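Coordinate inspection notes
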Amino acid sequence: MVQKYQSPVRVYKHPFELVMAAYERRFPTCHLIPMFVASDVISEEKSDDNSTHKIERRCKLDVDAPRLLKRIAGVDYVYFIQKNSLNRRERTLHIESHNETFSNRVIIHELCCYSVHPENEDWTCFEQSASLDIKSFFGFESTVEKIAMKQYANSIKKGKEIIEYYLRELEEEGITHVPRWSASPASPVKAVLPVSRPVPPTTPAITIVPPAESSKETLGVKESSSSPVGSPSEALSATPDDKLDADYINRYLGDLTPFQESCLIRLRSWLQETHKGKIPKDQHILRFLRARDFNMDKAREILCQSLTWRKQHQVDYLLDTWTSPQVLHDYYTGGWHHHDRDGRPLYILRLGQMDTKGLVRALGEESLLRHVLSINEEGLRRCEENTKVFGRPISCWTCLVDLEGLNMRHLWRPGVKALLRIIEVVEANYPETLGRLLILRAPRVFPVLWTLVSPFIDENTRKKFLIYAGNDYQGPGGLVDYIDKEIIPDFLGGECMCEVPEGGLVPKSLYRTPEELENDDIRLWTETIYQSASVFKGAPHELLIEIIDASSVITWDFDVCKGDVVFNIYHSKRAPQPPKKDPLAAHGITSPGGNNVQLIDKSWQLGQDYSMVESPLTCKEGESVQGSHVTRWPGFYILQWKFHSMPACATTNLPRVDDVLATLQVSSHKCKVMYYTEVLGSEDFRGSMTSLESSHSGFSQLSAATTSSSQSQSSSMISR
């Protein structure tokens with residue numbers, strides 16, 4: 001399996017030419033890199049005007065590996081070939097390297113690039129990517145992979161330090177400026193680059209202007225360039241082409257290993273390509289990676305499921321649209337209360353004082369779930385605020401649960417069922433948001449409750465639980481270790497007034513009948529502008545839209561949740577036969593397999609009974625598609641999502657091996673889409689997807705930016 005690595009953009013707040021002068025001091029060897037023993041120049045090529053310089057080196061490395069492994073391999077050193085292409089005109093340096101030793105067993109390929117910062121010509125950017133493919137290595141493939149990743153991570157971490165070391169060395173020698181390359185300099189001034197060791201003859205000559213000879217206008221480093229990136233605007237400006245900058249990661253995401261940085265960048269890039277700019281914020285992506293121990297495939301799967309869930313249930317608008325019933329204000333014993341010692345938002349839940357049975361009987365399961373989701377959304381917002389206030393990354397919150405008063409009433413079966421449902425939804429969509437859970441005054445009945453709920457809680461989350469019985473929380477290692485004494489709530493012996501409701505029994509007069517609760521739950525569950533549909537091989541899903549006035553605009557927004565589909569739009573002058581109704585459809589509930597409706601009769605002929613008004617659009621799994629069509633005639637329009645079959649091999653009529661294997665899997669014959677459509681009058685359509693409500697569902701609360709690309713087809717616009 002090929003291991004890939006992608007580094008964030010690292011920014012040197014120095015001009016490109018000065019960074020190149022520092023870079024050249026790494027050769028032929030560097031005392032700051034102990035394993036870099038030596039390097040020899042194999043070939044060198046310069047242009048006549050000295051604008052380009054290509055040099056190829058053979059580098060000798062003493063890899064830190066077990067002696068036994070070196071004896072088995074029969075080598076003491078490994079050799080790499082490094083090719084450098086310096087373009088002084090464009091101010092870029094491209095570096096490509098690969099291993100020469102064991103190249104038939106292990107393939108290591110690395111690409112690096114130094115370039116000018118796109119928004120500050122006196123700064124220099126550095127990017128790095130690499131791949132590792134171990135085909136065979138005497139049965140020690142796993143060991144070699146670990147050694148290679150360890151060595152590479154160390155070199156990544158030390159790379160910037162080395163350049164900055166030589167930049168300081170240049171400054172100590174009085175060199176703070178290197179002039180840019182010029183095609184016809186008025187008066188070229190050449191000076192010998194002062195170094196503490198002999199410069200090999202293959203090292204390219206660098207024109208140096210000492211500070212005494214350079215004017216203030218030509219200084220390569222601005223006064224402001226020495227200031228660290230602190231404000232959000234500075235951090236974002238240091239990120240060229242929407243790439244992640246190392247300073248931004250350290251400021252807003254925390255201290256990540258090179259491997260973790262690489263996973264974040266790769267998953268973020270995949271989301272950008274798949275969702276066409278509709279991506280969540282980096283902090284949210286990182287939570288899903290942490291939840292799956294930075295396993296890219298697993299993190300990508302649960303993140304995509306969560307994004308689809310957020311869009312379908314309009315969770316992004318929850319804080320603006322959800323109004324808690326008065327019963328929750330009066331009897332739900334939870335609320336936000338300052339922050340803990342680490343700056344995390346602190347949420348207090350007096351579960352022992354809460355009448356869970358009364359709340360479930362008065363509100364129903366779905367209303368309680370909505371309320372808990374609004375708490376989590378508020379927690380995400382508070383984390384962002386505290387990150388700005390405290391000047392360090394804060395991505396999770398602390399929850400304090402007081403169990404005084406917990407009894408068998410809290411183990412009422414429907415109440416436990418509602419609790420398990422809430423835990424399931426929160427675990428799936430808000431991973432790694434709980435930094436610490438403090439459980440205080442746990443009574444004897446607590447182990448029974450813990451036995452019921454613990455299997456539904458992720459193992460990583462369970463490790464964050466701290467449980468105190470009786471008054472143990474008041475002693476050493478207790479509450480004061482995590483919360484400042486000044487903000488400990490009064491009901492726990494502190495002096496800070498806490499505005500969390502005291503709870504009490506919900507009056508039975510507020511109870512609702514099971515029928516009322518069921519109808520309310522159905523309303524809340526189906527309260528979404530989106531519908532789900534299943535698409536099978538040979539059974540497309542079709543949606544009928546009747547148009548009375550010509551020049552109306554049909555708009556759509558759909559996500560391909562599973563499989564690949566082909567999207568078509570047809571027009572017919574006569575109405576198709578109405579489909580059979582799903583018995584659950586009256587309540588807006590689709591069957592587990594999803595809704596599937598077929599409208600076009602098998603006896604209909606294309607071109608006679610109906611016509612195609614748009615070219616077919618193939619949509620891949622995970623894509624989000626928005627578009628519109630301006631109708632030319634009144635009548636009946638049919639939007640169709642059809643199963644996409646892979647084409648046979650172009651050179652032969654035989655199917656490909658992958659296609660044959662796919663046909664053996666029943667699950668591969670099913671696709672799933674989630675869609676929303678709307679018909680607008682031409683006078684109401686503003687020529688863009690801003691008129692479509694779902695266009696704002698680009699995960700607005702979680703998305704740092706939303707862009708879209710579009711392709712026009714005759715009278716329609718389809719953007720993905």
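Higher on the page you've got the structure.
Residues numbered from 1 in each chain as written. Predicted model: local features only at pLDDT ≥ 70, side-chain atom pairs only at ≥ 80, totals over all residues. Heavy atoms only, no water.

**A look at the overall build of the protein chain**
A tally of regular secondary structure across the protein chain gives 17 helices and 24 strands. Buried residues in the protein chain amount to 49% of all 720 residues. Across the protein chain, every contact between residues at least 6 apart in sequence was considered, and the portion connecting residues at least 24 apart equals 75%. Surface accessibility of the protein chain: about 36400 Å² in total, with carbon and sulfur atoms responsible for 52%. (Helix = DSSP H or I, 4+ residues; strand = E, 2+ residues; numbered from the N terminus. Buried < 20%, exposed > 50% of the residue type's maximum accessible area, 1.4 Å probe, protein only. Contact = heavy atoms within 4.5 Å. Areas by Shrake-Rupley, 256 points an atom, 1.4 Å probe, with all protein chains shown as cover.)

**With respect to the sheet that holds strand β11 (residues 397-402)**
Whether parallel or antiparallel, the strands of a sheet pair through hydrogen bonds between backbone atoms. Taken in spatial order, the five strands make up an open sheet running β9-β10-β11-β12-β13, and their pairing is mixed. Looking at which strands have only one partner, the edges of the open sheet turn out to be β9 (334-339) and β13 (465-467). On average, adjacent strands in this sheet sit at an angle of 20 degrees to one another, irrespective of strand direction. Running at roughly 5 degrees to β9, helix α12 (residues 365-390) makes contact with β9, β10 (345-349) and β11 of the sheet. (Pairing = 2+ DSSP bridges. Axes fitted to C-alpha atoms, helices over the stretch in contact; angles between N-to-C directions.)

**What to know about helix α7 (residues 282-291)**
Most of α7 is tucked away: eight of the ten residues are buried. Along α7, the positions that sit buried rather than exposed are Asp282, His284, Ile285, Leu286, Arg287, Phe288, Leu289 and Ala291. Following α7 by one or two positions, Asp293 has its phi on the positive side, about 50 degrees.

**Regarding the pattern of salt bridges**
The final tally for this structure, using the stated rule, is 32 salt bridges. Notably, a salt bridge pairs Arg57 with Glu24, separated by 3.5 Å at the nearest N-O pair. Here Glu24 lies in helix α1 (residues 16-24) and Arg57 lies in strand β4 (residues 52-61), a separation of 33 residues in the sequence. The pair formed by Arg57 and Glu24 is uniform in burial state, with each residue classed as buried. Glu384 is the partner of Lys281 in a salt bridge, and the nearest nitrogen-oxygen pair spans 3.1 Å. Residue Lys281 is found in the loop between α6 (258-275) and α7, and its partner Glu384 is found in helix α12; the two are separated by 103 residues along the sequence. (Salt bridge = Lys/Arg side-chain N within 4 Å of Asp/Glu carboxyl O.)

**Some points on the pairing of strand β5 (residues 78-87)**
The buried count for β5 comes to seven of ten residues, which makes it a mostly enclosed element. With ten bridges joining them, β4 and β5 adopt antiparallel strand pairing. By the bridge assignment for β5, Ile55 is matched with Asn84. In this sheet, strand β6 (residues 92-99) lies alongside β5 in antiparallel orientation, the contact comprising eight bridges. By the bridge assignment for β6, Lys83 is matched with Glu96. Between β5 and β6, which follow one another and run antiparallel, lie four residues, and Arg91 among them has a positive phi close to 60 degrees.

**Some details on the nonpolar core**
By size, the foremost hydrophobic cluster in this structure holds 50 residues, and its most contacted members are Tyr332, Leu359 and Leu403. Listing elements by their share of this core, those giving two or more residues are α10 (326-331), β10, α11 (356-363), α12, β11, α13 (413-429), β12 (434-440) and α14 (446-453). Leaving out residues up to four positions away in the same chain, Leu403 has contacts with Leu351, Gly352, Ile439, Leu440, Arg441, Ala442, Pro443 and Phe446. Core analysis: the next-biggest nonpolar cluster, separate from the first, contains 30 residues, Val19, Met20, Leu32 and Tyr166 among them. (Core = buried A, V, L, I, M, F, W, Y, C linked by side-chain atoms within 4.5 Å.)

**Details of the state of the cysteines**
This model, assessed by the stated rule, comprises zero disulfides. The structure places no disulfide on Cys561, whose sulfur is separated from the nearest cysteine sulfur, that of Cys304, by 9.8 Å. (Disulfide = S-S within 2.5 Å.)

**A few points about the environment of Val448**
Structurally, Val448 can be placed in helix α14. Residue classification places Val448 among the partly exposed residues on the basis of a relative accessible area of 43%. With 40 residues separating them along the chain, Val448 and Met408 place their C-alpha atoms 9.4 Å apart.

**Let's talk about the packing of helix α5 (residues 246-253) against α7**
The geometry of α5 relative to α7 is characterised by a closest axis approach of 11 Å and an angle of 75 degrees between their N-to-C directions. Classified by the angle between their axes, α5 and α7 sit roughly perpendicular to one another. Residue-level inspection shows Tyr248, Tyr252 and Leu253 of α5 in contact with α7, the latter providing Asp282, Gln283, Leu286 and Arg290. For the contact of α5 with α7, a count of residues per class yields four nonpolar, one polar and two charged. (Parallel < 35°, antiparallel > 145°, perpendicular 65-115°, else oblique. Nonpolar A, V, L, I, M, F, W, Y, C, P; charged D, E, K, R; others polar.)

**Some words on unusual backbone geometry**
In the segment running from Phe27 into Pro28, the intervening peptide bond is cis, with an omega of 5 degrees. Here Pro28 shows up in the loop between α1 and β3 (36-46). In this structure, Phe294 is a non-glycine residue whose phi angle is positive, near 60 degrees. Mapped onto the fold, Phe294 is located in the loop between α7 and α8 (296-312). The exposure class of Phe294 is buried, given its relative accessible area of 9%.

**Points about the packing of aromatic side chains**
Summed over all chains, the structure comprises 19 aromatic pairs. Between Trp336 and Tyr347 the ring centres are 5.0 Å apart and the planes differ by 75 degrees, which places this aromatic pair in the edge-to-face class. Taken together, the residues span a long stretch of sequence, with Trp336 in strand β9 and Tyr347 in strand β10 at a distance of eleven residues. For Tyr347, a relative accessible area of 7% puts it in the buried group. With a centroid separation of 6.0 Å and an interplanar angle of 85 degrees, the aromatic rings of Trp336 and Trp397 are classed as edge-to-face. A residue pair is termed long-range when its members are at least 10 positions apart, and Trp336 in strand β9 and Trp397 in strand β11 qualify at 61 residues. Clustering of aromatic rings is evident, with ring pairs tying together Tyr12, Tyr23, Phe27, Phe36, Tyr114 and Phe126. Across the ring face of Phe27, the terminal group of Arg57 is positioned such that the distance to the ring centre comes to 3.7 Å. (Phe/Tyr/Trp six-rings, centres within 6.5 Å; stacked < 30°, edge-to-face > 60°. Lys NZ or Arg CZ within 6 Å of the ring centre and 35° of its normal.)

**A closer look at the pairing of strand β22 (residues 670-680)**
Bridge count between strand β14 (residues 531-536) and β22: six bridges; the pairing is antiparallel. The residue of β22 that forms the bridge with Ser534 is Lys672. Note that strand β16 (residues 553-562) and β22 share nine bridges and pair antiparallel. Paired with Ile554 across the strands is Val679, a residue of β22.

**Remarks on the side chain of Thr356**
Following the sequence through the fold, Thr356 ends up in helix α11. Owing to a relative accessible area of 17%, Thr356 belongs among the buried residues under this scheme. Not counting residues within four places of it along the chain, the set of residues in contact with Thr356 comprises Leu351, Arg409 and His410.

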